[in-house]
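Chain by chain, the residues:
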Amino acid sequence: MTGRFAPSPTGELHLGNLRTAVVAWLSARADGRPFLVRMEDLDRVQARPEHEAAQLRDMTALGLDWDGDVVRQSERFHLYDAAIDQLAAAGSVYECFCSRREIRNDIEAASSAPHGPPGSYPGTCRDLSISARAERRASGRPPALRLRTDHGIYDFVDRLVGPQSGGVDDFVLRRNDGVPAYNLAVVVDDGLQGITDVVRGDDLLPSTPRHVMLQQMLGIETPSYLHIPLVFGANGERLAKSHGATTLGELRDADISSAAVMSWIGSSLKLAAPGEAVGVGDLVNRFDPAALPKDIAVAPDFVLRPEA
Ligand code: GLU
């Protein structure tokens, strides 16, 4: 049994990400299990080594440790390519020449709602004739690769919110700039790294049926999932820079210590009393995934600017 935290190193971790990291760590360590860190740095424009270093430094400052070397998705393209080859050999991959704008227009023009999560691909390139495909290839626009799905409903049990089910669409496996897509890489990596215990933000809940389907297509066992509600500002929006000091560094500059942040994380998870001084080590013995709060967390006062 192995857990993991898989941040995208596109900036510093804010309080919401740190809170999710703490739950991921507790979920593994409470049972004395391995815990891995994987950098999801597929987007080489936004992902930077300095963000990775800052994220690891801040995890360490909160007392989180991990086993083995940090794995980087940017170094594993060959593994995602191999998975695409496996899917292509089964006839489950097709070229898509659509631009974002074309997809948006097709969604708006469609008479019936798509089967998958919001923004699902309407299937424009799924069954192109040979001549239509040749014409699009000749236009010079490189294609993305999409998964040919069965438009089925996929089920899984979330350890916090219980049984879930959702539709899937023909999602992208490889972008048209050659970069593997998150939805593919996350499934391949969780499989190859032997992850049995996925803890992540609940913004990814609608994507999980896609992951379950892809696991079945690739012969990967579905891990257990625990989706953590995000942290929101008092204005009802997801925690963001505009709310004030949200990273450990910014908070330190505002005289808020890592210990105070840890105390808030502990109490917001209902694992500590408000204001109680706790370290992650103290929370290990109190951790019970079923007792975690199911609602969004509101950021503490020390984060929020008066106007936010
Ligand atoms: N890299 C994703 C993020 O930072 C998380 C992916 C996952 O945990 O599955 O939002």
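Only a predicted model underlies this, so the values are computations on that prediction, with no experimental measurement involved.

Student: Even after reading the chapter, I still don't get the sheet that holds strand 8 (residues 172–174), so can you show me in this structure?
Tutor: Whether parallel or antiparallel, the strands of a sheet pair through hydrogen bonds between backbone atoms. Strand order in this open sheet of three strands is 4-5-8, and the pairing throughout is antiparallel. Of all strands in the sheet, those bounded by a partner on one side alone are strand 4 (93–96) and strand 8. Put simply, the sheet's adjacent strands are angled 45° from each other on average, direction ignored. Here strand 4 pairs with strand 5 (residues 144–147) via four bridges, running antiparallel. By the bridge assignment, Glu-95 is partnered in strand 5 with Leu-145. Against the sheet, helix 3 (residues 77–89) makes contact with strand 4, strand 5 and strand 8, and its axis sits at roughly 125° relative to strand 8, the strand it touches most.

Student: Would you take a moment to explain empty space enclosed by the protein for this structure?
Tutor: If a probe the size of a water molecule is rolled over the atoms, the empty space left behind becomes visible. Counted according to the given criterion, the structure contains one cavity of 30 Å³ or more. If you add up the space inside the largest cavity, you get close to 30 Å³. Residue composition of the lining of the largest cavity, by class: five nonpolar, no polar and two charged.

Student: Just checking my understanding: could you explain the site of the ligand for this structure?
Tutor: Within the structure, the ligand sits among Arg-4, Ala-6, Pro-7, Ser-8, Glu-40, Tyr-182, Val-186, Arg-200 and Leu-204. Interatomic distance of 2.6 Å between a side-chain N/O atom of Arg-4 and an oxygen atom of the ligand. For the ligand, the accessible surface in isolation is 300 Å², of which the surrounding protein chains cover 77%. Residues that form the shell around the ligand fall into these classes: five nonpolar, one polar and three charged.

Student: Mind showing me how you'd approach the packing of aromatic side chains here?
Tutor: Here the distance between the centres and the angle between the planes together describe a pair of aromatic rings. Applying the stated criterion across every chain yields a total of two aromatic pairs. On the numbers, 6.4 Å between centres and 55° between planes, the contact of Phe-77 with Tyr-80 is tilted. One end of the pair is Phe-77 and the other is Tyr-80, both in helix 3 and three residues apart, which spans about a single turn. This pair shows no difference in class: Phe-77 is buried, exactly as Tyr-80 is. Judged by centre distance (5.7 Å) and plane angle (70°), the ring pair of Phe-156 and Tyr-225 falls under edge-to-face. Here the residue Phe-156 occupies a position in strand 6 (residues 153–158), and Tyr-225 occupies one in strand 10 (residues 224–228), the gap between them amounting to 69 residues. Each member of the pair, Phe-156 as well as Tyr-225, is classed as buried. Residue placement shows Arg-146 over the ring face of Tyr-121; its charged tip is 3.5 Å from the ring centre.

Student: Would you mind going over the packing of helix 3 against helix 7 (residues 208–218) with me for this structure?
Tutor: Helix packing geometry: the angle between the two helix axes and the distance between the axes. Viewed as axis vectors pointing N to C, helix 3 and helix 7 meet at an angle of 75°, and their least axial separation amounts to 10 Å. By the angle class used here, helix 3 and helix 7 are roughly perpendicular. Where helix 3 abuts helix 7, its residues Ala-83, Gln-86 and Leu-87 lie against Leu-214, Met-217 and Leu-218. A per-class count over the contact of helix 3 with helix 7 returns five nonpolar, one polar and no charged.

Student: Sorry if this is basic, but what is going on with helix 2 (residues 49–61) here?
Tutor: Residues separated by three or four positions in an α-helix point in the same direction, a consequence of the helix having 3.6 residues per turn. The terminal C-alpha atoms of helix 2, which comprises 13 residues, lie 18 Å apart, in line with the 18 Å expected from a rise of 1.5 Å per residue. The inward-facing, buried residues of helix 2 abut strand 1 (3–5), helix 1 (15–29), strand 2 (35–39), strand 3 (71–72) and helix 8 (248–253). Following helix 2 by one or two positions, Gly-63 has its phi on the positive side, about 95°.

Reading the values: rules and limits
Residues numbered from 1 in each chain as written. Predicted model: local features only at pLDDT ≥ 70, side-chain atom pairs only at ≥ 80, totals over all residues. Heavy atoms only, no water. Pairing = 2+ DSSP bridges. Helix = DSSP H or I, 4+ residues; strand = E, 2+ residues; numbered from the N terminus. Axes fitted to C-alpha atoms, helices over the stretch in contact; angles between N-to-C directions. Contact = heavy atoms within 4.5 Å. 1 Å grid on protein atoms, 1.4 Å probe; cavity = no way out; pocket = protein on both sides within 12 Å on 5 of 7 lines; lining within 4 Å. Points joined across faces, edges and corners; volume = space filled by probe spheres on them. Nonpolar A, V, L, I, M, F, W, Y, C, P; charged D, E, K, R; others polar. Near = heavy atom within 4 Å. Polar contact = N/O pair within 3.5 Å; in protein donor to acceptor, adjacent residues only side chain to side chain. Areas by Shrake-Rupley, 256 points an atom, 1.4 Å probe, with all protein chains shown as cover. Phe/Tyr/Trp six-rings, centres within 6.5 Å; stacked < 30°, edge-to-face > 60°. Buried < 20%, exposed > 50% of the residue type's maximum accessible area, 1.4 Å probe, protein only. Lys NZ or Arg CZ within 6 Å of the ring centre and 35° of its normal. Parallel < 35°, antiparallel > 145°, perpendicular 65-115°, else oblique. Expected span 1.5 Å × (residues − 1).

By themselves these figures say nothing about function.
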